[in-house]
Amino acid sequence: VVNAGSILEDEDQRGLAHFVEHMAFNGTERFEKQALVDYLESIGMQFGPSINAYTSFDETVYMLKIPTDDAEIVGTAFRILEDWAHAVSFEPGEVDKERGVVLEEWRLGRGASARILDRQLPDILNDSRYADRLPIGDPEIIRSFPVEALTRFYGDWYRPDLMAVIAVGDFDPDGVEDLIRSHFAGLEGPYEPRPRSEYEVPSHAETLFSIESDPEATSTSVAVLYKRPAEEDGGIEGYRDLLKERLYSGMFNGRLFELGQSQDPPFAFAGAGAGRFARDTDIYQIFAGVPDGGVPRGFEAVLTEAERIARHGFTPGELAREQAELLRSMERMNAERNNRESASLASELVSHFLTGEPAPGVEAEYQLATLLLPTITLEELNVEAAGWFGGQGDRVVTVSAPESVDVPLPAEDELLAVMDRVAAGPLEPWEDSATDAPLVAVLPRPAPVLEEAYRDDLG
């Protein structure tokens, strides 16, 4: 795991964090050109399921899934990881060949959704550095950058203080720790390392709008995004806050699902949930897929439910059901904890290294949830929910739609009027129609058993 991604690129390196990732598979000091890929495929590995990597704004991660019952294969895998960390070759001929591969990847990703997102990101990220450092990069730079720009990025940011090695699997921990130390203890960073800067998404006092269309778009959607500073509290109180957010989203999505089942639903689908665009910024998003021309109605429907929750909160029945469902879900995960895929646990450890996100393990999380969920009251949840989405600031409304002269896009004023109307209009509390009555009121009397037989051969 390398705590460096496209956000750290210099102006002449836009796209080169991702290009370095590509070059790691095109030759290292101990695996020339195609030799690395040939070896991995010779032991039954395939790109995608077993060999993979990704580059994002803030990190680059390389992943190998290998059999652990062969000591030679395990040892070779660590030699590959070590070479990726400090011994990628960057032969000029291989660099030039890879330009076409990366440009083709860029071209294939230029669909309608990507084109729309390119135009929306400057508003979502408020013209921050993130909006100007998409990992795929600038095609003009990819076509013509000198090899020196590539090796400069590698030399600046692939260094021990920004790296972690994560191993999960059926192996002897002491032996694998010895392998990690023997392969990585000798790595040295630059004499004067560049500071690993952190970049923020600037706050804004007004609501921003990004209303975009594309001739190849096939569906219409609307969303409102609420931005807030990222918080990483590794303590028990932080985990309790996470449970509260899960409860909120679960109950909110339950209401949106119920609305979607009505006779004339205002949207085809809708949902809400938290995520992260940048290291310092969390985003809570409420979204809806709507019929063409149906943005105002669908937008008003999801905003109305958010406003209803802010004013009246949730009902006792909603909270009780969601607490029980969340606890059942974690109980199932705990019961299956020994059957988890290694990659799932590894991804938790990646987040722990990069952002400090706690990784206590499923068993500990289940124990905490059992202890903490009953202490979360309806009153405190309703008070906090009322303040999560207030005010005009740090809010972005996005619309994506097919380009059509017959179905004009809504204007900013129209959407702002919807928001004002919802905020000022009367709203009744939610009517909780769920019932605890049994599915069958009177159970039928079972028929008598007519005959029984025992099969010795089957037991």
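Up top you'll find the structure we're talking about.
Let me begin by describing the structure that accompanies this report.

Procedures and definitions
Residues numbered from 1 in each chain as written. Predicted model: local features only at pLDDT ≥ 70, side-chain atom pairs only at ≥ 80, totals over all residues. Heavy atoms only, no water. Helix = DSSP H or I, 4+ residues; strand = E, 2+ residues; numbered from the N terminus. Buried < 20%, exposed > 50% of the residue type's maximum accessible area, 1.4 Å probe, protein only. Expected span 1.5 Å × (residues − 1). Phe/Tyr/Trp six-rings, centres within 6.5 Å; stacked < 30°, edge-to-face > 60°. Lys NZ or Arg CZ within 6 Å of the ring centre and 35° of its normal. Pairing = 2+ DSSP bridges.

## Observations concerning unusual backbone geometry
Reasoning step 1: Non-glycine residue Phe90 carries a positive phi angle of around 55 degrees.
Reasoning step 2: Among the structural elements, Phe90 can be located in the loop between helix H3 (71-86) and helix H4 (92-108).
Reasoning step 3: Exposure remark for Phe90: the relative accessible area of 6% places this residue in the buried category.
Reasoning step 4: The phi torsion at Asp127 lies on the positive side, around 55 degrees, for a residue other than glycine.
Reasoning step 5: With respect to the helices and strands, the residue Asp127 is situated in the loop between helix H5 (112-124) and helix H6 (139-144).

## Things to note about helix H10 (residues 295-312)
Reasoning step 1: With 18 residues, H10 extends 25 Å between its outermost C-alpha atoms, agreeing within 8% with the 26 Å of an ideal straight helix rising 1.5 Å per residue.
Reasoning step 2: Among all positions of H10, only Val295, Gly298, Phe299, Ala301, Val302, Leu303, Thr304, Glu305, Ala306, Arg308 and Ile309 are buried.
Reasoning step 3: With its phi angle positive at about 75 degrees, Gly313 sits one or two positions after the end of H10.

## With respect to the packing of aromatic side chains
Reasoning step 1: Using the criterion set out here, one finds ten aromatic pairs in the structure.
Reasoning step 2: Residues Tyr248 and Phe314 carry aromatic rings whose centres are separated by 5.6 Å and whose planes lie at 80 degrees to one another, so their mutual orientation is edge-to-face. Here Tyr248, found in helix H9 (residues 236-260), pairs with Phe314, found in the loop between H10 and helix H11 (316-335); they are 66 residues apart in sequence, far enough to count as distant.
Reasoning step 3: Exposure remark for Phe314: the relative accessible area of 3% places this residue in the buried category.
Reasoning step 4: In textbook terms, an aromatic cluster arises when at least three aromatic residues are bridged by ring pairs, as seen for Phe25, Tyr62, Trp84, Phe90, Tyr154 and Tyr158.
Reasoning step 5: In this structure, Arg99 is placed above the aromatic ring of Phe145, and the distance from its NZ or CZ to the ring centre is 4.2 Å.

## Some remarks on the pairing of strand E5 (residues 269-278)
Reasoning step 1: Two elements, E5 and strand E6 (residues 281-290), share nine bridges in a ladder whose sense is antiparallel. Note that in E6 the partner of Arg276 across the bridge is Asp282.
Reasoning step 2: Between E5 and E6, which follow one another and run antiparallel, lie two residues.

## Let's talk about the environment of Ala411
Reasoning step 1: Following the sequence through the fold, Ala411 ends up in the loop between strand E7 (395-402) and helix H15 (412-424).
Reasoning step 2: Separated by 115 residues in the primary sequence, Ala411 and Pro296 have C-alpha atoms spaced 9.9 Å apart.

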